[in-house]
Amino acid sequence: MSIQNRVFIAGAGPVGLVAAAKLVRAGVPVTVFEAGAELSTESRASTFHPPTLDMLEALGATQPLIAQGLVAPAFQYRTKKDGLVAQFDFNAIADATTHPYRVQAEQSKLTRILLDRLNGQSGFEIEFNSRVQAVAQDKSSVTLTIERNGATQSHSGRWLIGADGASSSVRRALGIEFDGFTWPDRLLVVSTPFDFHAVLPGLTSVNYVADAERWYFLLQIPGLWRVMFLIKEDISDEQIRTHEFAQSLMATIIPGLGNYEISHTTLYKVHQRVAKTFRLGRTFLAGDAAHINNPLGGMGMNGGIHDAINLTDRLADVWHGRAGDAELDRYDTQRRLVTLETIQTQTIQNKKNLESPEPFKQSLQQIKADPKRTYDYLLRVAMIATLRRAEELG
Ligand SMILES: Cc1cc2nc3c(=O)[nH]c(=O)nc-3n(C[C@H](O)[C@H](O)[C@H](O)COP(=O)(O)OP(=O)(O)OC[C@H]3O[C@@H](n4cnc5c(N)ncnc54)[C@H](O)[C@@H]3O)c2cc1C
């Protein structure tokens, strides 16, 4: 079988398509193999952080995303007992980003924007209904076994990026361990068109509400609010999935208000796991294939996009002979270590904070009282600190 002079990407999620867009732009031919018949419509990530917007700008995706989303220049912390405790404004870090705000838009908007731009570009190919089943590699190529409409076929290319999500076949095929744990709690996401601004004046589009018993967060996307509730382990999945259960949770948001219009509910398990390595030979893992964490702070997809940018910059240099193979090891060094050091630590801490309203309130008040601490805090929340730390890791 002949070897195609291309980079293969498994998965057309936000991470796979950002990697594809970056490589095609750098003159590297790419084939994306996507298991689904079309791009996913699942409602998952909905927050794009400032440095992610900076990166997507270079791919022509930020302005269309803003046009289809909501600009959120500030976010709030509340406690169930006290209401508003602290508001943070990204303007305070306007010197560190050209987008001092979050954009609230579903990840399915980004994937469509990217694919629209990629389609028709020379060097870009995408194969839907094409599930990567097995991976074999040697010194000069990677061979994929693809399952397509019940039949299997093989394709050989030069490099492979496994961006095929949390259950990554690429990661499994290469036997790379996915160390970490799964929380006993689950998350229920309830979406409603109800206008929370009408009843909570001054509410920002992103709000975290701490409570020892049942914290939640409220995120606005165009036309909807998404409320994510923590569900403890003693409640069965069947009970959680009832309309009455979702209504009973929604009734805790504003006393006296109930019977919400509910557009949909989704129940998620929450994991904290990081792959043992992000590179094995000619194959790389990126995004959820490489790491998963709880959604508090919106770091999963954003961190995955940061992986894709870090990796493809290096891969394009190696492809064009501007850098040697060792350059690619720096992807693993930088991205895996910052994932362990900062993203995992911070998302776990974010969960603990929401479960401990009193100490959390006090720490927020101390941060707010000190402009330097506020600045550093915002750099961490916006994931700029993570990117700076990755640079330090050499
Ligand atoms: C409720 C919830 C809320 C979240 N909110 C946020 C947030 O606000 N901000 C944030 O940053 N993150 C958030 N996340 C996390 C975010 O959704 C993920 O980190 C993100 O989807 C990862 O993107 P990805 O491209 O790596 O993987 P995915 O989005 O999972 O895409 C993987 C793609 O690979 C395809 N695929 C799978 N297996 C194969 C195979 N064998 N061969 C070929 N293709 C395959 C799939 O069909 C899919 O299209 C949230 C997650 C959840 C569950």
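These lines cover the structure that appears in this document, whether it is placed above or below. If you're wondering where the values come from, they're calculated on a predicted model, not measured in any experiment.

Points about the overall build of the protein
Within the protein, the regular secondary structure consists of 12 helices and 20 strands. The C-alpha radius of gyration of the protein comes to 21 Å, within 12% of the 21 Å expected for a compact globule of 394 residues. Across its three principal directions, the C-alpha atoms of the protein cover 70 × 50 × 40 Å. Per-residue burial over the protein gives 55% buried out of 394 residues. Residue pairs at least 24 apart in sequence account for 73% of intrachain contacts in the protein once pairs closer than 6 positions are excluded. Accessible surface computed for the protein: about 15900 Å², of which carbon and sulfur atoms make up 49%. A gap of 2 Å separates the mean positions of the 41 positive and 42 negative side-chain charges of the protein.

Here we look at the packing of helix 8 (residues 300-319) against helix 9 (residues 326-355)
Two quantities define a packed helix pair, namely the angle between the axes and the distance from one axis to the other. At a minimum axis distance of 9 Å, the contact between helix 8 and helix 9 shows a crossing angle of 165°. Considering the angle they form, helix 8 stands roughly antiparallel to helix 9. The hand of the helix 8/helix 9 crossing is right-handed. In contact with Gly-303, His-306, Asp-307, Asn-310, Leu-311, Arg-314, Leu-315 and Val-318 of helix 8, helix 9 contributes Glu-327, Leu-328, Arg-330, Tyr-331, Gln-334, Arg-335 and Ile-343. A per-class count over the contact of helix 8 with helix 9 returns 6 nonpolar, 4 polar and 5 charged.

Quick look at the layout of surface pockets
Reported here for the second largest pocket is a volume of approximately 280 Å³. Around the second largest pocket, the lining comprises 19 residues; the ones closest to its centre are Tyr-77, Gln-346, Asn-350, Asn-353 and Tyr-377. When contributions to the lining of the second largest pocket are tallied by element, the ones reaching two or more residues are strand 5 (74-79), helix 9, helix 10 (357-368) and helix 11 (371-381). Broken down by element, the residue count for the lining of the second largest pocket peaks at 5 residues, all from helix 9.

Examining the pattern of salt bridges
Under the defined criterion, the tally for this structure stands at 26 salt bridges. Here Lys-351 and Glu-355 are joined by a salt bridge, their closest N and O atoms 3.0 Å apart. Of this pair, Lys-351 and Glu-355 both sit in helix 9, 4 residues apart, which is roughly one turn of the helix. For Lys-351, a relative accessible area of 5% gives the class buried. Residue classification places Glu-355 among the partly exposed residues on the basis of a relative accessible area of 27%. Glu-358 is paired through a salt bridge with Lys-361; the nearest N and O atoms lie 3.9 Å apart. Residue Glu-358 and its partner Lys-361 are both found in helix 10; the two are separated by 3 residues, about one turn of the helix. Here the salt bridges share partners, and the residues they tie into one network are Lys-81, Asp-82, Glu-358 and Lys-361.

Regarding helix 2 (residues 50-57)
Across the 8 residues of helix 2, 6 count as buried, placing the element largely inside the fold. Within helix 2, burial applies to Pro-50, Pro-51, Thr-52, Leu-53, Met-55 and Leu-56.

Description of the pairing of strand 1 (residues 7-10)
The two faces of strand 1 match: Val-7 and Ile-9 on one face and Phe-8 and Ala-10 on the other face are all buried. Across 4 bridges, strand 1 lies against strand 2 (residues 30-33) in parallel orientation. Residue pairing in the sheet places Val-7 in a bridge with Val-30 of strand 2. Of the crossover connections in this fold, the one passing from strand 1 over helix 1 (residues 14-25) to the parallel strand 2 is right-handed.

Comments concerning the sheet that holds strand 7 (residues 102-104)
Spatial ordering of the open sheet is given by 3-7-4, a layout of 3 strands whose pairing is antiparallel. Of all the strands in the sheet, just strand 3 (47-48) and strand 4 (70-72) have a single pairing partner and so form its edges. In this sheet, strand 7 lies alongside strand 3 in antiparallel orientation, the contact comprising 2 bridges. What sits directly across from Phe-48, in strand 7, is Val-103.

A few points about the sheet that holds strand 10 (residues 142-148)
Read from one edge of the open sheet, 3 strands run 9-10-11, paired in antiparallel fashion. Every other strand in the sheet has two partners, leaving strand 9 (131-137) and strand 11 (151-157) as the edge strands with one partner each. In this sheet, neighbouring strand axes are inclined to one another by 25° on average, regardless of whether the strands run parallel or antiparallel. Note: strand 9 against strand 10, 6 bridges, orientation antiparallel. Counterpart to Ala-134 in the pairing with strand 10 is Thr-145.

Regarding the nonpolar core
A general trend in soluble globular proteins is that nonpolar side chains are found buried together. Counting 69 residues, the largest nonpolar core has Ile-9, Phe-48 and Ile-161 as its most contacted members. Formed by 32 residues, the second largest nonpolar core is a distinct cluster that contains Phe-75, Val-189, Val-206 and Tyr-208.

Some details on helix 11
Listed in full, the buried residues belonging to helix 11 are Thr-374, Tyr-377, Leu-378, Leu-379 and Val-381. On its buried face, helix 11 is in contact with strand 5, strand 6 (83-89), strand 7, helix 9, helix 10 and helix 12 (384-392). Positioned one or two residues after helix 11, Met-383 has a phi angle of 70°, which is positive.

What to know about empty space enclosed by the protein
Counted under the stated rule, the structure contains 1 cavity of 30 Å³ or more. Taken together, Leu-187, Trp-215, Leu-230, Val-270, Asn-294, Pro-295, Leu-296 and Lys-351 make up the lining of the largest cavity. Of the residues belonging to the lining of the largest cavity, the class tally is 6 nonpolar, 1 polar and 1 charged.

Thresholds, definitions, all that
Residues numbered from 1 in each chain as written. Predicted model: local features only at pLDDT ≥ 70, side-chain atom pairs only at ≥ 80, totals over all residues. Heavy atoms only, no water. Helix = DSSP H or I, 4+ residues; strand = E, 2+ residues; numbered from the N terminus. Rg over C-alpha atoms; globule rule 2.2 N^0.38 Å. Buried < 20%, exposed > 50% of the residue type's maximum accessible area, 1.4 Å probe, protein only. Contact = heavy atoms within 4.5 Å. Areas by Shrake-Rupley, 256 points an atom, 1.4 Å probe, with all protein chains shown as cover. Lys, Arg positive; Asp, Glu negative; His and termini not counted. Charge placed at Lys NZ, Arg CZ, Asp CG, Glu CD. Axes fitted to C-alpha atoms, helices over the stretch in contact; angles between N-to-C directions. Parallel < 35°, antiparallel > 145°, perpendicular 65-115°, else oblique. Left-handed = near helix turned anticlockwise from the far one by under 90°. Nonpolar A, V, L, I, M, F, W, Y, C, P; charged D, E, K, R; others polar. 1 Å grid on protein atoms, 1.4 Å probe; cavity = no way out; pocket = protein on both sides within 12 Å on 5 of 7 lines; lining within 4 Å. Points joined across faces, edges and corners; volume = space filled by probe spheres on them. Salt bridge = Lys/Arg side-chain N within 4 Å of Asp/Glu carboxyl O. Pairing = 2+ DSSP bridges. Right-handed = clockwise from strand over helix to strand, strands pointing away. Core = buried A, V, L, I, M, F, W, Y, C linked by side-chain atoms within 4.5 Å.

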